[in-house]
Amino acid sequence: MIELLAKAEAGGVDDLTASGLLALAREQKATEERAAAGLLVTAAQWADLHPPESIHHAATFAVPGCEHEEPIAGAGTPLVAEFCVAELGGVLGISTTAAKRLIGHALELRHRLPRLWAQVHAGRVPAWRARAVAEATIHATPSLTVEAAAFVDAQVAAVAGRIGPAQLDRLVAETIKRYDLAVPDPASDPEDGYLYVDPRHATLHDQEVHFAGTMRFEAELDMADALDLDRALAHGAATLAALGSVEPLDARRSAALGDLARTQTALDLHHQGTATTRTADGLPVAREVVLHAHFDATFSGDATVFGPTGRLEERQRLVLLDHIRDWCADSRTKVTIKPVIDLNAHLTAPGYAIPDRIREQVVLRDRTCVFPWCTRPARRADIDHVIPYDHDAAADGRPQPGPTQSDNLAALCRSHHRLKTHTAWRYATVGPGAFEWTSPHGHRYRRDPTGTTRIDESDPPDPPGIPSPRRR
């Protein structure tokens, strides 16, 4: 097998027989799985080197729409320093969130799923399967205790990790009941011992946008609510058909759900007497979702001609001009057209505050947080002074080192803004929308509108105050 790999590295794959190619593919897959298992060990050891100074500095996952945060691994695992995660993510070429997930899975497997951890390193379970189990046990609702996680570990290890998502969900639900982790259902008899997990939810999968401009909305409803909604959608679909729609039934039911949402929003606002812009029928504008669409445009005489495709800032998605026209045709859709901002213009402002025009220019230029491999939208990010603004410069008669101007501003999500402020991560502007970052361990990255690239260094310098692993 070593000969086959050597021949492949030497460019001699074309000389292999069919049997040789199969053997080579098998060995390459085994090498990949060994590397994935080894990466889990490395991630866990990286966590061991970076305990938090206090619980307030431990790495966590922010929960959208909630004030609380979730730990990156379950109860019984060691905490990890918040700011060490970005360094690991940088060298792996992944986002800080993905690096948190990797470290969390490694700790969950090592400390709470030891049987599965052992099978991964024995080569009996692929790392990706084990990570799927770890993801389920970390984020189970309610949280799994150490004993409950051990039960899941024993069941999954017994089948060498061969468990599908549906089976895993059922196993976690059984574990929650077995270990009395769920809260009692207030509507049930408290003496019957029934433990209840409320499965109701309504979830928009906004990261899964179809090229046709659709998103998937998933819900688990109370039985009565579900039946009522089904009847409402059936009535709405029949109404659309009676009005001349020739679309399939499923498409009409989907449209009816959107109409139901818009109508309900409008009625609620109308009854509350909210002062908003109103349409011709006296009801307020119903759509409250704001989408930022960008299209290339040319002029033909006095008319503006838009290109057929554009870009949505939200999730950096492709959007068709026809879809925008359909959305804008709805009488309850408010459309705002903003003037074009020259992204190459050098805008300045006195003082520390960032005017709206400069903020909008930075958002449009950067599109996302400019930290290496981060994809969080710039519109929801902080605008940071790359060279910090000196609030005492004017009083001391010194020139301002960090002026509020286009080439000294960048979009940073709150997490990476804090990281830049409180750690040894540093960056500098090297061009319009282009930045070079240096990590505490001396690794360098370039972030520009095309993405993130590594700036190779033969021997990165040691971070301040940390001995070099090479000498150690």
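Throughout what follows, the structure given in this document is the object of discussion. Here the structure is a predicted model, which means the values were calculated and not measured.

Thresholds applied
Residues numbered from 1 in each chain as written. Predicted model: local features only at pLDDT ≥ 70, side-chain atom pairs only at ≥ 80, totals over all residues. Heavy atoms only, no water. Phe/Tyr/Trp six-rings, centres within 6.5 Å; stacked < 30°, edge-to-face > 60°. Helix = DSSP H or I, 4+ residues; strand = E, 2+ residues; numbered from the N terminus. Buried < 20%, exposed > 50% of the residue type's maximum accessible area, 1.4 Å probe, protein only. Axes fitted to C-alpha atoms, helices over the stretch in contact; angles between N-to-C directions. Parallel < 35°, antiparallel > 145°, perpendicular 65-115°, else oblique. Contact = heavy atoms within 4.5 Å. Nonpolar A, V, L, I, M, F, W, Y, C, P; charged D, E, K, R; others polar. Core = buried A, V, L, I, M, F, W, Y, C linked by side-chain atoms within 4.5 Å. Salt bridge = Lys/Arg side-chain N within 4 Å of Asp/Glu carboxyl O.

Let's talk about the packing of aromatic side chains
Here's step 1: Counted under the stated rule, the structure contains 9 aromatic pairs.
Here's step 2: Ring plane angle 75° and centroid distance 5.5 Å describe the contact between W373 and Y445, whose orientation is recorded as edge-to-face. Note that W373 is positioned in the loop between α12 (356-366) and β11 (382-385) and Y445 in strand β16 (residues 444-448), a separation of 72 residues in sequence.
Here's step 3: Taking the centre distance of 6.4 Å and the plane angle of 25° together, the rings of W425 and Y445 count as stacked. Of the two residues, W425 sits in the loop between α14 (414-422) and β14 (426-431) while Y445 sits in strand β16, which places them 20 residues apart along the sequence. Y445 matches W425 in its accessibility class, with the two residues each being buried.
Here's step 4: An aromatic cluster is defined as three or more aromatic residues linked by ring pairs; in this entry it consists of F371, W373, W425, Y427, F435, W437 and Y445.

A few points about the packing of helix α2 (residues 18-49) against helix α4 (residues 96-112)
Angle between the axes and distance between the axes: these two values describe a pair of packed helices.
Here's step 1: Interhelical geometry of α2 versus α4 gives an angle of 95° and a closest axis separation of 8 Å. For the element pair α2 / α4, the angle class is roughly perpendicular. In this structure, α2 contributes L39, L40, A43, A44, W46, A47 and D48 to the contact, and α4 contributes L102, I103, A106, L107, L109 and R110.
Here's step 2: Taken together, the residues of the contact of α2 with α4 sort by class into 11 nonpolar, no polar and 2 charged.

Considerations on unusual backbone geometry
Here's step 1: The peptide bond linking T141 to P142 adopts the cis configuration, its omega dihedral lying at -5°.
Here's step 2: Phi at A160 is positive, roughly 55°, even though this residue is not glycine.
Here's step 3: Checked against the element boundaries, A160 lands in the loop between α7 (146-158) and α8 (165-178).

Details of the nonpolar core
Here's step 1: Counting 43 residues, the largest nonpolar core has L40, I103, L109, L116 and V133 as the members making the most contacts within it.
Here's step 2: At the level of elements, α2, α3 (85-92), α4, α5 (114-121), α6 (127-138), α7 and α8 are the ones that each hand at least two residues to this core.
Here's step 3: Leave out the neighbours within four places in its chain, and V133 touches L113, L116, V152, V156, I163 and L168.
Here's step 4: In terms of nonpolar packing, the next biggest core, distinct from the first, is built from 16 residues, V370, C374, W437 and Y445 among them.

A word on the pattern of salt bridges
Here's step 1: Counted under the stated rule, the structure contains 18 salt bridges.
Here's step 2: Taking the shortest distance from any N to any O, the salt bridge between E27 and R34 comes out at 3.1 Å.
Here's step 3: Linking K29 and E32 is a salt bridge whose minimum nitrogen-to-oxygen distance equals 3.7 Å. Pair noted here: K29 and E32 are both in helix α2, with a separation of 3 residues, about one helical turn.

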